[in-house]
Amino acid sequence: MSKAASTRSNPRPAAVPRSVPPAEAEALVGSLAPLLHDWLPRQRWFAGKGRQVTGFVPVTVTELLPQDATGTSLLHLLVRVEQQSAGQGAQQGPGRAPADAGDCYQLLLGARTALPPRLAPALVGHATQGPLAGRTVYEGLHDPLLADVLIERLRTSGAVGALRFGRAGAIPAGLSSRLLDAEQSNSSLVYGDAYILKILRRVFPGPHPDLELPLALAAEGCERVPAPVAWFDAVDPSGSDEPLTLGVLQTFLRGSQDGWQLALAALDEGREFTDEARILGRATAEVHTALAAALPTVTLGRSQTAQVAHAMRERLDAAAQAVPALLPYVPGLRTAFDALAGLDAAGRGRPAQRVHGDLHLGQTLRSPDGSWSVIDFEGEPARPLAERRRPQPPVRDVAGMLRSFDYAARSHEPWRADWAARCRDAFCEGYAEAAGTDPRAEPELLRAYETDKAVYEVLYEARHRPDWLPVPMAAITRLADGS
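Residues numbered from 1 in each chain as written. Predicted model: local features only at pLDDT ≥ 70, side-chain atom pairs only at ≥ 80, totals over all residues. Heavy atoms only, no water.

Draft legend 1. A look at the overall build of the protein. In terms of regular secondary structure, the protein is built from 13 helices and 19 strands. For the protein, the C-alpha radius of gyration of 25 Å lies close to 23 Å, the compact-globule estimate for 483 residues. Overall, the protein is about 90 × 60 × 45 Å in size when its C-alpha atoms are taken along their principal axes. Going through the 483 residues of the protein one by one, you find that 49% of them count as buried. When contacts within the protein are restricted to residue pairs at least 6 apart in sequence, long-range pairs at least 24 apart make up 69% of them. (Helix = DSSP H or I, 4+ residues; strand = E, 2+ residues; numbered from the N terminus. Rg over C-alpha atoms; globule rule 2.2 N^0.38 Å. Buried < 20%, exposed > 50% of the residue type's maximum accessible area, 1.4 Å probe, protein only. Contact = heavy atoms within 4.5 Å.)

Laid out in C-alpha coordinates, this is it:
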(Lines give C-alpha, C1' and ligand atoms only; values in the text may rest on other atoms or scores of the structure.)
Protein backbone atom coordinates (compact mmCIF):
# COMPACT_ATOMS: atom_id res chain seq x y z
CA MET A 1 0.00 0.00 0.00
CA SER A 2 1.31 3.43 -0.93
CA LYS A 3 2.04 6.08 1.64
CA ALA A 4 -0.70 8.28 0.11
CA ALA A 5 -3.25 5.49 0.35
CA SER A 6 -2.26 4.83 3.94
CA THR A 7 -2.76 8.52 4.78
CA ARG A 8 -6.20 8.55 3.19
CA SER A 9 -7.35 5.43 5.00
CA ASN A 10 -6.05 6.65 8.33
CA PRO A 11 -7.00 10.35 8.46
CA ARG A 12 -5.63 12.48 11.28
CA PRO A 13 -8.19 12.53 14.10
CA ALA A 14 -10.04 15.81 14.49
CA ALA A 15 -8.76 17.89 17.39
CA VAL A 16 -11.02 17.82 20.43
CA PRO A 17 -11.79 20.58 22.94
CA ARG A 18 -9.31 20.64 25.79
CA SER A 19 -8.33 22.46 28.95
CA VAL A 20 -5.07 24.33 28.43
CA PRO A 21 -2.43 23.43 31.08
CA PRO A 22 -1.46 26.27 33.47
CA ALA A 23 2.02 26.93 32.05
CA GLU A 24 0.69 27.01 28.50
CA ALA A 25 -2.24 29.20 29.60
CA GLU A 26 0.09 31.69 31.25
CA ALA A 27 2.21 31.92 28.13
CA LEU A 28 -0.86 32.38 25.94
CA VAL A 29 -2.40 35.14 28.09
CA GLY A 30 0.99 36.83 28.39
CA SER A 31 1.32 36.91 24.60
CA LEU A 32 -2.19 38.40 24.29
CA ALA A 33 -1.62 41.05 26.98
CA PRO A 34 -0.61 43.85 24.56
CA LEU A 35 -3.85 43.33 22.63
CA LEU A 36 -6.06 43.07 25.72
CA HIS A 37 -4.53 46.20 27.28
CA ASP A 38 -5.98 48.24 24.45
CA TRP A 39 -9.18 46.33 23.69
CA LEU A 40 -10.60 45.37 27.08
CA PRO A 41 -11.08 48.85 28.65
CA ARG A 42 -13.08 49.88 25.56
CA GLN A 43 -15.74 47.22 26.08
CA ARG A 44 -19.05 48.44 27.51
CA TRP A 45 -19.14 45.61 30.03
CA PHE A 46 -15.68 46.35 31.47
CA ALA A 47 -16.27 47.61 35.02
CA GLY A 48 -12.80 49.01 35.72
CA LYS A 49 -12.86 52.07 33.47
CA GLY A 50 -10.65 54.95 34.57
CA ARG A 51 -8.06 52.76 36.32
CA GLN A 52 -4.85 51.60 34.72
CA VAL A 53 -4.68 47.91 33.79
CA THR A 54 -1.46 46.50 35.20
CA GLY A 55 -1.67 42.81 34.30
CA PHE A 56 -3.67 39.72 33.34
CA VAL A 57 -3.72 36.46 35.30
CA PRO A 58 -5.28 33.37 33.66
CA VAL A 59 -7.85 31.56 35.80
CA THR A 60 -8.85 28.95 33.22
CA VAL A 61 -8.15 28.67 29.50
CA THR A 62 -10.11 26.19 27.35
CA GLU A 63 -9.91 25.44 23.65
CA LEU A 64 -13.58 25.02 22.78
CA LEU A 65 -12.67 24.80 19.10
CA PRO A 66 -9.04 23.85 18.42
CA GLN A 67 -7.62 25.26 15.20
CA ASP A 68 -9.41 23.63 12.27
CA ALA A 69 -8.47 23.24 8.62
CA THR A 70 -9.46 26.85 7.88
CA GLY A 71 -7.22 28.19 10.64
CA THR A 72 -10.17 29.11 12.86
CA SER A 73 -10.26 28.44 16.60
CA LEU A 74 -12.23 29.50 19.69
CA LEU A 75 -10.63 30.10 23.08
CA HIS A 76 -12.63 30.43 26.28
CA LEU A 77 -10.75 32.42 28.90
CA LEU A 78 -11.43 33.40 32.48
CA VAL A 79 -8.90 36.13 33.16
CA ARG A 80 -8.30 38.13 36.33
CA VAL A 81 -7.56 41.72 35.37
CA GLU A 82 -5.21 43.51 37.74
CA GLN A 83 -5.66 47.27 37.95
CA GLN A 84 -4.20 50.24 39.73
CA SER A 85 -6.08 50.88 42.97
CA ALA A 86 -8.43 53.86 42.76
CA GLY A 87 -6.82 57.14 43.72
CA GLN A 88 -3.36 55.66 44.21
CA GLY A 89 -0.14 55.39 42.35
CA ALA A 90 -0.45 58.28 39.91
CA GLN A 91 2.67 59.87 41.33
CA GLN A 92 4.64 56.63 41.55
CA GLY A 93 5.31 56.10 37.88
CA PRO A 94 4.20 53.36 35.50
CA GLY A 95 4.29 49.80 36.79
CA ARG A 96 4.78 50.75 40.43
CA ALA A 97 1.23 51.69 41.37
CA PRO A 98 -0.55 49.53 43.98
CA ALA A 99 -2.89 47.08 42.24
CA ASP A 100 -6.11 45.60 43.55
CA ALA A 101 -6.90 41.87 43.50
CA GLY A 102 -8.65 42.31 40.15
CA ASP A 103 -12.00 41.34 38.67
CA CYS A 104 -12.46 38.09 36.77
CA TYR A 105 -13.81 38.42 33.22
CA GLN A 106 -15.09 35.86 30.73
CA LEU A 107 -13.64 36.23 27.23
CA LEU A 108 -14.45 34.22 24.12
CA LEU A 109 -11.75 34.94 21.58
CA GLY A 110 -11.71 33.70 18.04
CA ALA A 111 -8.54 33.41 15.96
CA ARG A 112 -8.25 33.23 12.17
CA THR A 113 -5.42 33.39 9.68
CA ALA A 114 -7.36 36.24 8.01
CA LEU A 115 -10.44 38.06 9.25
CA PRO A 116 -13.36 38.35 6.80
CA PRO A 117 -14.63 41.93 6.26
CA ARG A 118 -17.93 41.10 7.99
CA LEU A 119 -16.02 40.43 11.21
CA ALA A 120 -13.91 43.59 11.06
CA PRO A 121 -15.88 45.30 13.90
CA ALA A 122 -14.96 42.36 16.17
CA LEU A 123 -11.21 42.85 15.79
CA VAL A 124 -9.13 42.59 18.97
CA GLY A 125 -5.74 42.71 17.24
CA HIS A 126 -3.03 40.85 15.37
CA ALA A 127 -0.97 38.47 17.48
CA THR A 128 2.77 38.86 16.93
CA GLN A 129 4.01 36.40 19.54
CA GLY A 130 3.01 33.25 21.41
CA PRO A 131 0.83 30.34 20.22
CA LEU A 132 -1.38 32.61 18.08
CA ALA A 133 1.48 34.48 16.38
CA GLY A 134 0.61 35.48 12.82
CA ARG A 135 -3.14 35.09 13.38
CA THR A 136 -5.91 37.65 13.89
CA VAL A 137 -7.68 37.64 17.26
CA TYR A 138 -11.30 38.82 17.48
CA GLU A 139 -14.41 38.81 19.69
CA GLY A 140 -15.75 35.32 19.01
CA LEU A 141 -19.41 36.01 19.76
CA HIS A 142 -19.68 38.02 16.52
CA ASP A 143 -18.85 34.92 14.48
CA PRO A 144 -21.83 32.58 13.82
CA LEU A 145 -19.39 29.69 13.34
CA LEU A 146 -18.08 30.13 16.89
CA ALA A 147 -21.52 30.90 18.33
CA ASP A 148 -22.55 27.49 16.99
CA VAL A 149 -19.79 25.91 19.09
CA LEU A 150 -21.39 27.27 22.27
CA ILE A 151 -24.92 26.08 21.51
CA GLU A 152 -23.59 22.64 20.55
CA ARG A 153 -21.80 22.34 23.89
CA LEU A 154 -25.10 23.19 25.62
CA ARG A 155 -27.01 20.71 23.45
CA THR A 156 -24.76 17.83 24.41
CA SER A 157 -23.99 18.94 28.01
CA GLY A 158 -21.03 17.48 29.89
CA ALA A 159 -17.67 18.98 30.83
CA VAL A 160 -14.65 20.35 29.02
CA GLY A 161 -11.85 20.84 31.50
CA ALA A 162 -13.07 23.28 34.15
CA LEU A 163 -16.19 24.16 32.11
CA ARG A 164 -19.45 22.34 32.84
CA PHE A 165 -22.49 22.44 30.55
CA GLY A 166 -25.95 21.44 31.78
CA ARG A 167 -29.47 21.59 30.41
CA ALA A 168 -33.05 21.09 31.54
CA GLY A 169 -34.47 19.96 28.21
CA ALA A 170 -33.75 19.20 24.56
CA ILE A 171 -32.35 21.94 22.31
CA PRO A 172 -32.90 21.59 18.54
CA ALA A 173 -29.96 21.63 16.16
CA GLY A 174 -29.32 24.05 13.30
CA LEU A 175 -30.28 27.30 15.03
CA SER A 176 -28.82 30.41 13.44
CA SER A 177 -27.32 32.99 15.79
CA ARG A 178 -27.13 36.78 16.12
CA LEU A 179 -25.47 38.94 18.72
CA LEU A 180 -27.57 41.60 20.44
CA ASP A 181 -25.94 44.99 20.81
CA ALA A 182 -28.19 46.54 23.47
CA GLU A 183 -26.65 45.21 26.69
CA GLN A 184 -24.20 47.05 28.90
CA SER A 185 -22.84 44.68 31.55
CA ASN A 186 -23.11 41.36 29.66
CA SER A 187 -23.52 39.94 26.14
CA SER A 188 -26.41 37.99 24.62
CA LEU A 189 -26.79 35.69 21.63
CA VAL A 190 -30.18 34.90 20.11
CA TYR A 191 -30.51 31.46 18.49
CA GLY A 192 -33.19 30.99 15.86
CA ASP A 193 -35.45 33.54 17.59
CA ALA A 194 -36.22 30.67 19.96
CA TYR A 195 -33.56 31.01 22.69
CA ILE A 196 -31.38 33.71 24.16
CA LEU A 197 -28.00 32.94 25.73
CA LYS A 198 -26.80 35.50 28.24
CA ILE A 199 -23.02 35.52 28.62
CA LEU A 200 -21.95 36.89 32.00
CA ARG A 201 -18.84 38.98 31.51
CA ARG A 202 -17.76 39.88 35.06
CA VAL A 203 -17.64 36.57 36.92
CA PHE A 204 -18.02 35.96 40.66
CA PRO A 205 -17.85 32.75 42.72
CA GLY A 206 -21.16 31.58 44.10
CA PRO A 207 -24.68 30.84 42.80
CA HIS A 208 -25.63 33.59 40.39
CA PRO A 209 -29.12 35.08 40.83
CA ASP A 210 -29.69 35.22 37.07
CA LEU A 211 -29.70 31.40 37.10
CA GLU A 212 -30.66 30.67 40.70
CA LEU A 213 -33.87 32.73 40.80
CA PRO A 214 -35.36 31.72 37.41
CA LEU A 215 -34.70 28.05 38.27
CA ALA A 216 -36.47 28.49 41.59
CA LEU A 217 -39.39 30.31 39.95
CA ALA A 218 -39.71 27.61 37.28
CA ALA A 219 -39.88 24.94 40.00
CA GLU A 220 -42.61 26.98 41.66
CA GLY A 221 -44.60 27.14 38.41
CA CYS A 222 -44.27 30.90 37.98
CA GLU A 223 -44.81 31.77 34.32
CA ARG A 224 -43.81 35.43 34.63
CA VAL A 225 -40.12 34.56 34.14
CA PRO A 226 -38.65 32.56 31.22
CA ALA A 227 -37.36 29.25 32.58
CA PRO A 228 -33.67 28.33 32.05
CA VAL A 229 -33.22 25.78 29.29
CA ALA A 230 -29.46 25.29 29.72
CA TRP A 231 -26.50 26.89 31.45
CA PHE A 232 -22.76 26.57 31.93
CA ASP A 233 -20.33 27.32 34.72
CA ALA A 234 -16.75 26.65 35.73
CA VAL A 235 -15.07 24.92 38.60
CA ASP A 236 -12.98 27.41 40.57
CA PRO A 237 -9.38 26.16 40.17
CA SER A 238 -8.49 27.76 43.51
CA GLY A 239 -10.30 24.87 45.19
CA SER A 240 -13.42 26.75 46.25
CA ASP A 241 -16.68 24.80 46.23
CA GLU A 242 -18.47 27.81 44.79
CA PRO A 243 -19.19 27.59 41.03
CA LEU A 244 -18.45 30.42 38.61
CA THR A 245 -21.69 30.89 36.66
CA LEU A 246 -20.88 31.83 33.06
CA GLY A 247 -24.04 31.74 30.96
CA VAL A 248 -27.78 31.02 30.96
CA LEU A 249 -29.92 29.93 27.99
CA GLN A 250 -33.63 30.82 28.22
CA THR A 251 -36.61 30.94 25.92
CA PHE A 252 -36.53 34.03 23.71
CA LEU A 253 -39.81 35.92 23.94
CA ARG A 254 -40.18 36.62 20.25
CA GLY A 255 -42.30 39.64 19.37
CA SER A 256 -42.17 41.05 22.89
CA GLN A 257 -41.46 44.72 23.62
CA ASP A 258 -39.70 46.04 26.67
CA GLY A 259 -41.60 48.22 29.11
CA TRP A 260 -39.29 51.22 28.71
CA GLN A 261 -39.90 51.51 24.97
CA LEU A 262 -43.64 50.99 25.46
CA ALA A 263 -43.76 53.75 28.08
CA LEU A 264 -41.86 56.17 25.83
CA ALA A 265 -44.20 55.36 22.93
CA ALA A 266 -47.22 56.10 25.12
CA LEU A 267 -45.72 59.46 26.09
CA ASP A 268 -44.93 60.34 22.47
CA GLU A 269 -48.50 59.51 21.45
CA GLY A 270 -50.06 61.33 24.40
CA ARG A 271 -51.54 58.12 25.80
CA GLU A 272 -51.97 57.02 29.38
CA PHE A 273 -49.98 54.01 30.59
CA THR A 274 -51.97 53.24 33.72
CA ASP A 275 -53.55 50.00 32.47
CA GLU A 276 -50.12 48.63 31.59
CA ALA A 277 -48.68 49.85 34.90
CA ARG A 278 -51.46 48.13 36.86
CA ILE A 279 -50.92 44.79 35.08
CA LEU A 280 -47.18 45.18 35.58
CA GLY A 281 -47.77 45.73 39.30
CA ARG A 282 -49.70 42.46 39.49
CA ALA A 283 -46.94 40.63 37.61
CA THR A 284 -44.32 41.97 40.02
CA ALA A 285 -46.36 40.84 43.01
CA GLU A 286 -46.76 37.36 41.49
CA VAL A 287 -42.99 37.07 41.10
CA HIS A 288 -42.46 38.18 44.71
CA THR A 289 -45.05 35.70 45.98
CA ALA A 290 -43.43 32.85 44.06
CA LEU A 291 -39.94 33.79 45.28
CA ALA A 292 -41.16 33.83 48.88
CA ALA A 293 -42.64 30.36 48.39
CA ALA A 294 -39.61 28.92 46.60
CA LEU A 295 -36.76 30.27 48.74
CA PRO A 296 -36.23 30.93 52.46
CA THR A 297 -37.54 34.15 53.95
CA VAL A 298 -36.28 35.97 57.03
CA THR A 299 -37.48 38.58 59.48
CA LEU A 300 -35.40 41.72 59.87
CA GLY A 301 -35.32 42.75 63.51
CA ARG A 302 -34.75 46.21 64.88
CA SER A 303 -30.96 46.05 64.72
CA GLN A 304 -30.98 44.67 61.17
CA THR A 305 -33.33 47.40 59.97
CA ALA A 306 -31.07 49.95 61.62
CA GLN A 307 -28.10 48.46 59.74
CA VAL A 308 -29.97 48.83 56.45
CA ALA A 309 -30.70 52.47 57.27
CA HIS A 310 -27.07 53.03 58.26
CA ALA A 311 -25.85 51.64 54.94
CA MET A 312 -28.23 53.99 53.13
CA ARG A 313 -26.83 56.96 55.08
CA GLU A 314 -23.29 55.93 54.17
CA ARG A 315 -24.19 55.71 50.48
CA LEU A 316 -25.77 59.16 50.69
CA ASP A 317 -22.70 60.69 52.33
CA ALA A 318 -20.37 59.12 49.76
CA ALA A 319 -22.56 60.28 46.86
CA ALA A 320 -22.72 63.83 48.24
CA GLN A 321 -18.93 63.98 48.39
CA ALA A 322 -18.75 62.87 44.75
CA VAL A 323 -21.66 65.03 43.49
CA PRO A 324 -21.73 68.44 45.26
CA ALA A 325 -25.20 69.18 43.85
CA LEU A 326 -26.53 66.71 46.45
CA LEU A 327 -25.09 68.54 49.47
CA PRO A 328 -27.98 70.99 50.10
CA TYR A 329 -30.44 68.08 50.21
CA VAL A 330 -28.53 65.77 52.54
CA PRO A 331 -30.29 66.83 55.79
CA GLY A 332 -33.73 66.29 54.29
CA LEU A 333 -32.77 62.99 52.67
CA ARG A 334 -31.30 61.66 55.90
CA THR A 335 -34.71 62.01 57.59
CA ALA A 336 -35.97 59.22 55.30
CA PHE A 337 -33.30 56.86 56.58
CA ASP A 338 -33.81 57.96 60.19
CA ALA A 339 -37.51 57.13 59.84
CA LEU A 340 -36.63 53.69 58.46
CA ALA A 341 -34.30 53.01 61.41
CA GLY A 342 -37.14 53.79 63.83
CA LEU A 343 -39.82 51.70 62.12
CA ASP A 344 -39.21 48.54 64.14
CA ALA A 345 -38.73 50.22 67.51
CA ALA A 346 -41.54 48.07 68.91
CA GLY A 347 -39.68 44.92 67.90
CA ARG A 348 -42.32 43.85 65.38
CA GLY A 349 -39.80 42.82 62.73
CA ARG A 350 -40.05 43.09 58.99
CA PRO A 351 -40.27 40.28 56.41
CA ALA A 352 -37.49 40.03 53.85
CA GLN A 353 -37.04 37.66 50.92
CA ARG A 354 -35.17 37.25 47.64
CA VAL A 355 -36.09 40.00 45.19
CA HIS A 356 -35.17 41.05 41.66
CA GLY A 357 -32.78 43.72 42.92
CA ASP A 358 -32.67 46.00 39.87
CA LEU A 359 -36.26 46.23 38.69
CA HIS A 360 -37.20 48.91 36.17
CA LEU A 361 -39.21 49.18 32.97
CA GLY A 362 -36.29 47.95 30.86
CA GLN A 363 -36.31 44.65 32.78
CA THR A 364 -39.85 43.83 31.72
CA LEU A 365 -41.30 42.49 28.47
CA ARG A 366 -44.88 42.56 27.19
CA SER A 367 -45.78 39.77 24.79
CA PRO A 368 -48.15 40.23 21.85
CA ASP A 369 -51.00 38.79 23.94
CA GLY A 370 -50.54 41.55 26.54
CA SER A 371 -48.94 39.48 29.32
CA TRP A 372 -45.86 40.77 31.13
CA SER A 373 -42.63 38.96 31.95
CA VAL A 374 -39.76 39.95 34.22
CA ILE A 375 -36.18 39.33 33.06
CA ASP A 376 -32.55 39.86 34.10
CA PHE A 377 -32.32 38.83 37.75
CA GLU A 378 -28.64 39.73 38.01
CA GLY A 379 -29.29 42.66 40.37
CA GLU A 380 -27.17 45.80 40.35
CA PRO A 381 -23.88 44.56 38.80
CA ALA A 382 -21.77 47.06 40.77
CA ARG A 383 -22.80 45.52 44.10
CA PRO A 384 -21.10 42.39 45.53
CA LEU A 385 -22.76 39.10 44.65
CA ALA A 386 -23.32 38.22 48.33
CA GLU A 387 -25.22 41.47 48.80
CA ARG A 388 -27.34 40.86 45.71
CA ARG A 389 -28.33 37.42 47.06
CA ARG A 390 -29.34 38.78 50.47
CA PRO A 391 -33.05 38.71 51.41
CA GLN A 392 -34.56 42.19 51.30
CA PRO A 393 -37.99 43.81 51.71
CA PRO A 394 -39.95 43.47 48.42
CA VAL A 395 -40.53 47.22 48.47
CA ARG A 396 -37.02 47.64 47.08
CA ASP A 397 -38.22 46.35 43.72
CA VAL A 398 -41.34 48.51 43.95
CA ALA A 399 -39.20 51.60 44.56
CA GLY A 400 -37.07 50.77 41.52
CA MET A 401 -40.13 50.59 39.28
CA LEU A 402 -41.57 53.82 40.67
CA ARG A 403 -38.31 55.57 39.86
CA SER A 404 -38.48 54.12 36.33
CA PHE A 405 -41.84 55.80 35.67
CA ASP A 406 -40.27 59.10 36.72
CA TYR A 407 -37.39 58.50 34.32
CA ALA A 408 -39.74 57.86 31.42
CA ALA A 409 -41.78 60.99 32.17
CA ARG A 410 -38.68 63.19 32.52
CA SER A 411 -37.26 61.95 29.20
CA HIS A 412 -40.23 63.53 27.44
CA GLU A 413 -40.63 67.20 26.54
CA PRO A 414 -42.49 68.71 28.24
CA TRP A 415 -41.94 66.83 31.49
CA ARG A 416 -45.08 64.79 32.38
CA ALA A 417 -44.91 64.57 36.17
CA ASP A 418 -48.69 63.97 36.31
CA TRP A 419 -48.35 61.02 33.90
CA ALA A 420 -45.67 59.47 36.11
CA ALA A 421 -47.74 59.98 39.27
CA ARG A 422 -50.72 58.16 37.75
CA CYS A 423 -48.50 55.29 36.60
CA ARG A 424 -46.95 55.02 40.06
CA ASP A 425 -50.37 54.83 41.71
CA ALA A 426 -51.63 52.28 39.17
CA PHE A 427 -48.58 50.08 39.66
CA CYS A 428 -49.08 50.05 43.44
CA GLU A 429 -52.79 49.32 43.02
CA GLY A 430 -52.02 46.35 40.76
CA TYR A 431 -49.38 45.13 43.18
CA ALA A 432 -51.87 45.31 46.07
CA GLU A 433 -54.47 43.36 44.09
CA ALA A 434 -52.10 40.40 43.69
CA ALA A 435 -50.09 40.61 46.91
CA GLY A 436 -52.80 41.64 49.33
CA THR A 437 -50.64 44.47 50.70
CA ASP A 438 -50.24 47.96 49.26
CA PRO A 439 -46.64 49.27 49.21
CA ARG A 440 -48.01 52.73 50.01
CA ALA A 441 -49.34 51.47 53.33
CA GLU A 442 -45.84 51.95 54.80
CA PRO A 443 -44.79 55.34 53.41
CA GLU A 444 -41.64 55.53 55.54
CA LEU A 445 -40.35 52.25 54.10
CA LEU A 446 -41.20 53.19 50.53
CA ARG A 447 -39.68 56.65 50.86
CA ALA A 448 -36.42 55.27 52.27
CA TYR A 449 -35.94 52.79 49.44
CA GLU A 450 -36.95 55.28 46.77
CA THR A 451 -34.54 57.82 48.25
CA ASP A 452 -31.71 55.28 48.27
CA LYS A 453 -32.43 54.47 44.62
CA ALA A 454 -32.49 58.16 43.65
CA VAL A 455 -29.15 58.73 45.37
CA TYR A 456 -27.67 55.81 43.40
CA GLU A 457 -29.08 57.34 40.20
CA VAL A 458 -27.51 60.73 40.93
CA LEU A 459 -24.10 59.16 41.34
CA TYR A 460 -24.48 57.03 38.22
CA GLU A 461 -25.67 59.90 36.01
CA ALA A 462 -22.96 62.27 37.28
CA ARG A 463 -20.33 59.70 36.30
CA HIS A 464 -21.74 58.35 33.06
CA ARG A 465 -24.53 60.58 31.66
CA PRO A 466 -24.30 64.13 33.06
CA ASP A 467 -27.07 65.31 30.73
CA TRP A 468 -29.46 63.00 32.60
CA LEU A 469 -28.58 64.32 36.06
CA PRO A 470 -31.70 66.56 36.26
CA VAL A 471 -33.89 63.43 36.17
CA PRO A 472 -32.89 61.97 39.58
CA MET A 473 -32.27 65.46 40.99
CA ALA A 474 -35.96 66.24 40.48
CA ALA A 475 -36.78 63.22 42.65
CA ILE A 476 -34.16 64.28 45.20
CA THR A 477 -35.87 67.66 45.56
CA ARG A 478 -39.23 65.96 46.15
CA LEU A 479 -37.93 63.27 48.50
CA ALA A 480 -35.85 65.68 50.59
CA ASP A 481 -38.99 67.51 51.75
CA GLY A 482 -40.74 64.27 52.69
CA SER A 483 -43.05 64.02 49.65
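Draft legend 2. The packing of aromatic side chains, seen in detail. Tallied over the entire structure, the rule returns 7 aromatic pairs. Judged by centre distance (6.0 Å) and plane angle (45°), the rings of Trp 45 and Tyr 105 are tilted. With Trp 45 in the loop between helix H2 (22-39) and strand E2 (53-65) and Tyr 105 in strand E4 (residues 103-112), this residue pair connects regions lying 60 residues apart in the sequence. Look at Phe 405 and Phe 427: their rings are 6.1 Å apart centre to centre, the planes differ by 65°, and that puts the pair in the edge-to-face class. Of this pair, Phe 405 sits in helix H10 (residues 395-410) while Phe 427 sits in helix H11 (residues 417-435), and the two are 22 residues apart along the sequence. The class of Phe 405 is buried, set by a relative accessible area of 0%. Cation over ring: Arg 388 sits above Phe 204, and NZ or CZ is 5.2 Å from the ring centre. Over the face of the ring belonging to Trp 415 we find Arg 410, whose NZ or CZ atom lies 4.1 Å from the ring centre. (Phe/Tyr/Trp six-rings, centres within 6.5 Å; stacked < 30°, edge-to-face > 60°. Lys NZ or Arg CZ within 6 Å of the ring centre and 35° of its normal.)

Draft legend 3. Representation of the sheet that holds strand E18 (residues 364-366) within the structure. Reading across the sheet, the 3 strands line up as E15-E18-E19 and stay open at both edges, with antiparallel pairing between neighbours. The outermost strands of the open sheet, each flanked by one partner alone, are strand E15 (257-258) and strand E19 (372-374). (Pairing = 2+ DSSP bridges.)

Draft legend 4. How the structure looks around the pattern of salt bridges. For the structure shown, the criterion picks out 42 salt bridges. The salt bridge partner of Glu 212 is Arg 354, with a shortest N-O separation of 3.0 Å. Residue Glu 212 is located in helix H4 (residues 209-219), and its partner Arg 354 is located in the loop between strand E17 (350-352) and E18; the two are separated by 142 residues in the primary sequence. On the basis of relative accessibility, which here comes to 18%, the residue Glu 212 falls in the buried class. Taken together, the shared-partner salt bridges connect Arg 315, Asp 358, Glu 380, Arg 383, Glu 387, Arg 396, Asp 452 and Lys 453 into one network. (Salt bridge = Lys/Arg side-chain N within 4 Å of Asp/Glu carboxyl O.)

Draft legend 5. Highlighting the sheet that holds strand E7 (residues 158-160). Taken in spatial order, the 7 strands make up an open sheet running E7-E8-E13-E14-E11-E10-E9, and their pairing is antiparallel. The sheet terminates laterally at E7 and strand E9 (177-179), the two strands that pair on one side only. Neighbour to neighbour, the strand axes of the sheet diverge by 20° on average, direction disregarded. Contacting strand E11 (195-200), strand E13 (228-234) and strand E14 (244-251), H4 runs over the sheet at an angle of about 145° to E13. (Axes fitted to C-alpha atoms, helices over the stretch in contact; angles between N-to-C directions.)

Draft legend 6. Representation of the packing of helix H6 (residues 274-294) against H11 in the model. Interhelical geometry of H6 versus H11 gives an angle of 40° and a closest axis separation of 7 Å. Judged on the interaxial angle alone, H11 and H6 are oblique. In this structure, the crossing between H6 and H11 has a hand that is right-handed. Across the interface between the two elements, Thr 274, Ala 277, Arg 278, Leu 280, Gly 281, Arg 282, Thr 284, Ala 285, Glu 286 and His 288 of H6 pack against Arg 422, Cys 423, Ala 426, Phe 427, Glu 429, Gly 430, Tyr 431, Glu 433, Ala 434 and Ala 435 of H11. Residues that form the contact of H6 with H11 fall into these classes: 9 nonpolar, 5 polar and 6 charged. (Parallel < 35°, antiparallel > 145°, perpendicular 65-115°, else oblique. Left-handed = near helix turned anticlockwise from the far one by under 90°. Nonpolar A, V, L, I, M, F, W, Y, C, P; charged D, E, K, R; others polar.)

Draft legend 7. Geometry of the packing of H4 against H6. It is the contact of H4 with H6, at a shortest axis distance of 9 Å, that shows an interaxial angle of 90°. Here H4 is positioned roughly perpendicular relative to H6, judged by the angle of their axes. Along its contact with H4, which presents Leu 213, Ala 216 and Leu 217, the element H6 presents Val 287, Ala 290, Leu 291 and Ala 294. Residue composition of the contact of H4 with H6, grouped by class: 7 nonpolar, no polar and no charged.

Draft legend 8. Spatial organisation of the nonpolar core. The biggest cluster of nonpolar side chains holds 64 residues, and the ones touching the most others in it are Phe 273 and Trp 419. Residues contacting Trp 419, with those up to four places away along its chain left out, are Ala 263, Ala 266, Leu 267, Arg 271, Glu 272, Phe 273, Phe 405, Ala 408 and Ala 409. (Core = buried A, V, L, I, M, F, W, Y, C linked by side-chain atoms within 4.5 Å.)

Draft legend 9. Examining helix H5 (residues 259-268) more closely. Among the residues of H5, Gly 259, Leu 262, Ala 263, Ala 266 and Leu 267 are the ones counted as buried. Along the axis of H5, the buried residues cluster in a sector spanning 140°; they form a single face. For H5, the elements touching its buried residues are E15, E18, E19, H10 and H11. Backbone nitrogen of Trp 260 and a side-chain oxygen of the N-cap are separated by 2.9 Å at the start of H5; the cap is Asp 258. Gly 270 sits one or two positions beyond H5 and adopts a positive phi of about 70°. (Arc of directions from axis to C-beta. Polar contact = N/O pair within 3.5 Å; in protein donor to acceptor, adjacent residues only side chain to side chain.)

Draft legend 10. Representation of helix H3 (residues 144-156) in the model. End to end, H3 covers 18 Å across 13 residues, agreeing with the expected 18 Å (1.5 Å per residue, within 8%). Buried within H3 we find Leu 146, Ala 147, Val 149, Leu 150, Ile 151, Arg 153 and Leu 154. For H3, the capping residue at the N-terminal end is Asp 143, with a side-chain oxygen 3.0 Å from the backbone nitrogen of Leu 145. Just downstream of H3, Ser 157 is the residue with a positive phi angle, here 55°. (Expected span 1.5 Å × (residues − 1).)

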